[in-house]
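Residue strings, one per chain:
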Amino acid sequence: MAVTQTIKVEPTHPAVGARVTGVDLRRPIDSDVADELRAAFTRHAVICLPGQTIEAGHQVEFAAVFGPVDADDRQMDDPNQTQSRPGVMYVSNIREDGKLIGVLPDGEMHFHSDGMHRDNPYRATTLYAIKIPSHGGNTLFSSQAAAYEALPADMQQRLDGLKGKHVFNYNKTTRADMRTDPNETAFAIHPLVRTHPDSGRKSLYLSRLMTHSIVGLENAEGEELLLELIEHCEKPEFVYSHKWTPNDLVIWDNRCVNHARTDFSADEPRLLRRYTVSEPA
Ligand code: OGA
Ligand code: MN
């Protein structure tokens, strides 16, 4: 007989995020546990499972609870395993023989949503903390649903039918760099307001780092509207700041939360293992 796991879900912020305990991800995830994880994810949009001592394979099994796990060729050798796995990415500032072992290495990153520049953005992202600096390097999560719901009705109406142009510029980490980059980068167009298929909530789909402009309003007025919305979304009442502890496993919903990163010292190692979940093809 299976030993029942008592799952506890505790919100970490009134608008977004919860801490989920009572699950051991080294064990197979049975269908009841999977249902509870999905329910917590739909409700809180960001869930953190602390104290998980897991390998890459366990992280993939966890990610698969939420949809198809990306296994395209972004291969990098896992520093902790002899076996390397397709789909894995490391977020790290660690250099070996002068070469970075991961991506998104240094410092602050403005708010964004992973894959906004793609026609089919990533549904969710999972990050597993391996090495964390003593100060800073928090990941901030903003509820784009709570931000939408707090807008005055006339603004909600104004946004109805508008679309955003979102660009890929991961080597840029601020809006100023993104806006002034003369290089043609990958981009996609999506509605500025989207309805979540599971929660039914509407949310704002735009971000400081990736939303280049509003389609048809590529002028000062459009940029002013965009900045007003961006600043609205980043208000503390919509933002949970996650301070990482090694062995935290976090998954966030890119459809209804944006994320950002606070600054941290280049002298301390930071290493997280990342897998994304896509929309089914
Ligand atoms: C990411 C990302 C933020 C962080 O992995 O997509 O934005 O805190 N990471 O490293
Ligand atoms: Mn990101």
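Residues numbered from 1 in each chain as written. Chains lettered and ligands numbered in written order. Predicted model: local features only at pLDDT ≥ 70, side-chain atom pairs only at ≥ 80, totals over all residues. Heavy atoms only, no water.

Caption draft 1: The arrangement of empty space enclosed by the protein in detail. As enumerated under the stated definition, the model contains two cavities of 30 Å³ or more in all. When its volume is computed, the largest cavity comes out at roughly 130 Å³. Around the largest cavity sit 15 residues that line it, and Leu104, Met109, Leu127, Trp252 and His259 are the ones nearest its centre. Those elements giving two or more residues to the lining of the largest cavity turn out to be strand S7 (109–112), strand S17 (257–261) and strand S18 (271–277). When residues of the lining of the largest cavity are assigned to their parent elements, the largest contribution, three residues, is made by S17. Residue composition of the lining of the largest cavity, grouped by class: eight nonpolar, three polar and four charged. (1 Å grid on protein atoms, 1.4 Å probe; cavity = no way out; pocket = protein on both sides within 12 Å on 5 of 7 lines; lining within 4 Å. Points joined across faces, edges and corners; volume = space filled by probe spheres on them. Helix = DSSP H or I, 4+ residues; strand = E, 2+ residues; numbered from the N terminus. Nonpolar A, V, L, I, M, F, W, Y, C, P; charged D, E, K, R; others polar.)

Caption draft 2: Highlighting the pattern of salt bridges. Counted according to the given criterion, the structure contains 15 salt bridges. Close ionic contact of Arg201 with Glu149 constitutes a salt bridge, the shortest N to O distance being 2.8 Å. Here Arg201 is found in the loop between strand S12 (193–195) and strand S13 (202–204), whereas its partner Glu149 is found in helix H3 (residues 144–149), with 52 residues between them in sequence. Among the charged side chains, a salt-bridge network with shared partners connects Arg123, Asp198, Asp253, Arg255 and Glu279. (Salt bridge = Lys/Arg side-chain N within 4 Å of Asp/Glu carboxyl O.)

Caption draft 3: Quick look at a nonpolar patch on the surface. On the surface, Phe187, Ile189 and Val215 cluster together into a nonpolar patch covering about 230 Å² of accessible area. Within the element layout of this structure, Phe187 appears in strand S11 (residues 187–191). (Patch = residues over 30% accessible without salt bridge, like charges linked within 9 Å, V, L, I, M, F, W, Y side chains within 5 Å. Areas by Shrake-Rupley, 256 points an atom, 1.4 Å probe, with all protein chains shown as cover.)

Caption draft 4: Looking closely at the side chain of Ser207. Inspection of the secondary structure puts Ser207 in the loop between S13 and strand S14 (211–214). Separated by 3.3 Å, the side chain of Ser207 and the backbone nitrogen of Met210 make a polar contact. (Polar contact = N/O pair within 3.5 Å; in protein donor to acceptor, adjacent residues only side chain to side chain.)

Caption draft 5: Highlighting the sheet that holds S11. Pairing within the open sheet is antiparallel, and its three strands lie in the order S11-S10-S14. Each of the sheet's edge strands pairs with one partner strand only, and the pair in question is S11 and S14. Mean inter-strand twist for the sheet, computed between neighbouring axes without regard to direction, equals 25°. Pairing geometry for strand S10 (residues 163–167) and S11, over five bridges, is antiparallel. Looking at S11, one finds that His166 is bridged to Ala188. (Pairing = 2+ DSSP bridges. Axes fitted to C-alpha atoms, helices over the stretch in contact; angles between N-to-C directions.)

Caption draft 6: Inspection of the packing of aromatic side chains at higher detail. As enumerated under the stated definition, the model contains four aromatic pairs in all. Judged by centre distance (6.5 Å) and plane angle (15°), the ring pair of Phe141 and Tyr240 falls under stacked. A residue pair is termed long-range when its members are at least 10 positions apart, and Phe141 in strand S9 (residues 139–143) and Tyr240 in strand S15 (residues 239–242) qualify at 99 residues. The two residues Phe141 and Tyr240 agree in class, both being buried. The interplanar angle of 50° and the centroid separation of 5.3 Å between the aromatic rings of Phe141 and Trp252 together place this pair among those described as tilted. In this pair, Phe141 is assigned in strand S9 and Trp252 in strand S16 (residues 249–253), connecting sequence segments 111 residues apart. Residue classification places Phe141 among the buried positions, given a relative accessible area of 0%. (Phe/Tyr/Trp six-rings, centres within 6.5 Å; stacked < 30°, edge-to-face > 60°. Buried < 20%, exposed > 50% of the residue type's maximum accessible area, 1.4 Å probe, protein only.)

Caption draft 7: Local environment of the site of ligand 1. As a structural note, the neighbourhood of ligand 1 is formed by Val91, Leu104, His112, Asp114, Thr139, His259, Arg261, Arg270 and Arg274. Within the side chain of His112, one N or O atom sits 3.2 Å away from an oxygen atom of ligand 1. Interatomic distance of 2.6 Å between a side-chain N/O atom of Thr139 and an oxygen atom of ligand 1. Taking 290 Å² as the accessible area of ligand 1 by itself, protein coverage stands at 100%. Using a 2 Å cut-off from the grid points, one finds that ligand 1 occupies the largest cavity. (Near = heavy atom within 4 Å. Sits in = over half its atoms within 2 Å of the grid points.)

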